[in-house]
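Results of the structural survey
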Amino acid sequence: MSSENPPSRSGPAAPEALRDLLIEMNDLKRVRSAGRTGSIAERLFAQGWGLLTGGTSPDAVALDITATTLAATRLCDLDAAFLTAAGLPEEAASAVLVAGFDAVTDALDPDLRARLRARLAPRAPGQPGPLPGFVAALAQQPRAGVTCPGRARILLEPPENHAEHCLIVAVYGVCLSPFYRADPGTVFLAAMAHHFHNAAMPDAGFTGEMLLGDHLGPIMATTTAWALDELAEPLRAHVERARAVLPDDATGEGRAFHAADCIDRVLQIAQHLRGASTTMGMVLDEWELVHAGPVKGFHDRVLADMRIP
């Protein structure tokens, strides 16, 4: 793990160039498809843990899942499994995934971008192992929403779950790792495991944590141990070493994780506010809801005569 050459306190604390990518990627917590259970982020969380328990190295899983997530940012569930099932040869399916990846990754660190892009080439996939119980539990555990001691919570529906949050923080952490000179595999694994306690512990947010007082630490230690006990060696040791970066920002890995965690928590709320502030004019004019095509003129007349909007 790296701890040298931290970003200057007088310089930028995060790479603004990645802002738009992180905003767009955040929606993978809300994209679903027929015949598939859960959001894309939730399913990638499970896929990542399956590869880890199957023996794939954390570094390789970090790159594989991050590359897949970046391709899905534009392609959604037009993934390798669907494309090949629909009849595309592996090479053609790979080319589609690379096109999706290329569409959103211009701002990534060039060396990291090249490593991730290479993971989308046709190759034998890693063999998944059994999923620990905490994977499904985190997918079923809603996050608390906006909480503050002394105030009623703000609930925004639908809530994200902890599996979705952990996956997005993990992928954000990989994307941010070059800026903090952090090891991407360590950041990824730490983020995938940073809410182990919530597999069993309901999320009452910051308010609940403050009300637990001195009981918070022991309860979190107990519930975290329950999740760790589901992992065999050497994976358990890898996870425990990675989780050592979580308490502070003293290392590059700690900074990359905490930046990713903070960004995701705020963007989750921002997407609710963005949706609430979107106007019909924006949707029609900027997003071209009624888009160009052979019947656009007719569509426009229909809307005008119906006085919609």
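Preceding block: the structure.
Notes on the structure follow.

Reading guide: rules and limits
Residues numbered from 1 in each chain as written. Predicted model: local features only at pLDDT ≥ 70, side-chain atom pairs only at ≥ 80, totals over all residues. Heavy atoms only, no water. Helix = DSSP H or I, 4+ residues; strand = E, 2+ residues; numbered from the N terminus. Buried < 20%, exposed > 50% of the residue type's maximum accessible area, 1.4 Å probe, protein only. Areas by Shrake-Rupley, 256 points an atom, 1.4 Å probe, with all protein chains shown as cover. Lys, Arg positive; Asp, Glu negative; His and termini not counted. Charge placed at Lys NZ, Arg CZ, Asp CG, Glu CD. Patch = residues over 30% accessible without salt bridge, like charges linked within 9 Å, V, L, I, M, F, W, Y side chains within 5 Å. Salt bridge = Lys/Arg side-chain N within 4 Å of Asp/Glu carboxyl O. Core = buried A, V, L, I, M, F, W, Y, C linked by side-chain atoms within 4.5 Å. Contact = heavy atoms within 4.5 Å. Axes fitted to C-alpha atoms, helices over the stretch in contact; angles between N-to-C directions. Parallel < 35°, antiparallel > 145°, perpendicular 65-115°, else oblique. Nonpolar A, V, L, I, M, F, W, Y, C, P; charged D, E, K, R; others polar. Polar contact = N/O pair within 3.5 Å; in protein donor to acceptor, adjacent residues only side chain to side chain. Phe/Tyr/Trp six-rings, centres within 6.5 Å; stacked < 30°, edge-to-face > 60°.

A few words on the overall build of the protein chain. If you tally the helices and strands in the protein chain, you get 15 helices and 0 strands. Counting all 309 residues of the protein chain, 41% fall into the buried class. Taken as a whole, the protein chain presents about 16000 Å² of accessible surface, with 59% of it coming from carbon and sulfur. Looking at the protein chain, you have 26 positive and 37 negative side-chain charges, and the mean spots of the two groups are 3 Å apart.

On to a nonpolar patch on the surface, then. Residues Val 295, Phe 298, Val 302, Met 306 and Ile 308 make up a contiguous nonpolar surface patch of about 460 Å² in total accessible area. Mapped onto the secondary structure, Val 302 falls in helix H15 (residues 296–305). Residue classification places Val 302 among the partly exposed positions, given a relative accessible area of 34%.

If you look at the biggest cluster of nonpolar residues, it comprises 70 residues, and the most contacted ones within it are Met 25, Phe 45, Trp 49, Leu 167, Phe 196 and Val 239. The element that contributes the greatest number of residues to this core is helix H8 (residues 162–180), accounting for 12 residues. If we ignore the near neighbours within four places in the chain, the residues touching Trp 49 are Leu 131, Phe 134, Val 135, Leu 189, Met 192, Ala 193, Phe 196, Leu 231, Leu 235 and Val 239.

What follows is about the packing of helix H2 (residues 40–53) against H8. It is the contact of H2 with H8, at a shortest axis distance of 8 Å, that shows an interaxial angle of 75 degrees. With respect to H8, the axis of H2 lies roughly perpendicular. Where H2 approaches H8, its residues Ala 41, Glu 42, Leu 44 and Phe 45 are matched on the opposing element by Ala 163, Glu 164, Cys 166, Leu 167 and Ile 168. Classifying every residue of the contact of H2 with H8 by side-chain character gives 7 nonpolar, no polar and 2 charged.

In this section: the pattern of salt bridges. Pairs can form between side chains of opposite charge whenever their charged atoms are close. Inspection of every chain in the model, using the stated rule, returns 18 salt bridges. Where Arg 265 meets Asp 261, a salt bridge forms, and the shortest distance between an N and an O atom there is 3.3 Å. Separated by 4 residues within a single helix, Arg 265 and Asp 261 lie in helix H13 (residues 252–277), roughly one turn from each other. Classification of Arg 265 as partly exposed rests on a relative accessible area of 42%. Taking the relative accessible area as the measure of exposure, Asp 261 reaches 11% and is therefore buried. Three or more residues joined by partner-sharing salt bridges are found here, namely Lys 29, Arg 143, Glu 160 and Asp 264.

On to the side chain of Asp 77. Relative to the elements of secondary structure, Asp 77 occurs in the loop between helix H3 (58–75) and helix H4 (80–85). According to the relative accessible area criterion, Asp 77 is buried, its value standing at 10%. Among the polar contacts made by the side chain of Asp 77, one reaches the side chain of Ser 33 at a distance of 2.6 Å. Polar contacts involving the side chain of Asp 77 include one to the side chain of Arg 36, which spans 3.1 Å. Beyond its immediate chain neighbours, meaning those up to four positions away, Asp 77 contacts Arg 32, Ser 33, Arg 36, Ile 40, Arg 43 and Phe 82.

A word on the environment of Pro 125. Structurally, the position occupied by Pro 125 is in the loop between helix H6 (110–118) and helix H7 (133–140). Overall, the relative accessible area of 62% leaves Pro 125 in the exposed class.

Below, the discussion takes up the packing of aromatic side chains. For any pair of aromatic rings, geometry is given as the distance between the ring centres together with the angle between the planes. Counting across every chain of the model gives 4 aromatic pairs. Ring centres 5.0 Å apart and planes at 85 degrees place the aromatic pair Trp 49 and Phe 134 in the edge-to-face group. Here Trp 49, found in helix H2, pairs with Phe 134, found in helix H7; they are 85 residues apart in sequence, far enough to count as distant. The exposure class assigned to Trp 49 is buried, which follows from its relative accessible area of 0%. Judged by relative accessible area, which is 0%, Phe 134 ranks as buried. On the basis of an interplanar angle of 35 degrees and a centroid distance of 5.8 Å, the ring pair of Trp 49 and Phe 196 is categorised as tilted. Taken together, the residues span a long stretch of sequence, with Trp 49 in helix H2 and Phe 196 in the loop between helix H9 (184–192) and helix H10 (205–212) at a distance of 147 residues. Phe 196 matches Trp 49 in its accessibility class, with the two residues each being buried. One aromatic cluster is present, built from ring pairs that chain together Trp 49, Phe 134 and Phe 196.

What follows covers the packing of H3 against H9. Two quantities define a packed helix pair, namely the angle between the helix axes and the distance between the axes. Running from amino to carboxyl end, H3 crosses H9 at an angle of 80 degrees, the nearest separation of the two axes being 8 Å. With respect to H9, the axis of H3 lies roughly perpendicular. Of the residues in H9, those in contact with Pro 58, Asp 59, Val 61, Ala 62, Ile 65 and Thr 66 of H3 are Pro 184, Gly 185, Phe 188 and Leu 189. Residue composition of the contact of H3 with H9, grouped by class: 7 nonpolar, 2 polar and 1 charged.

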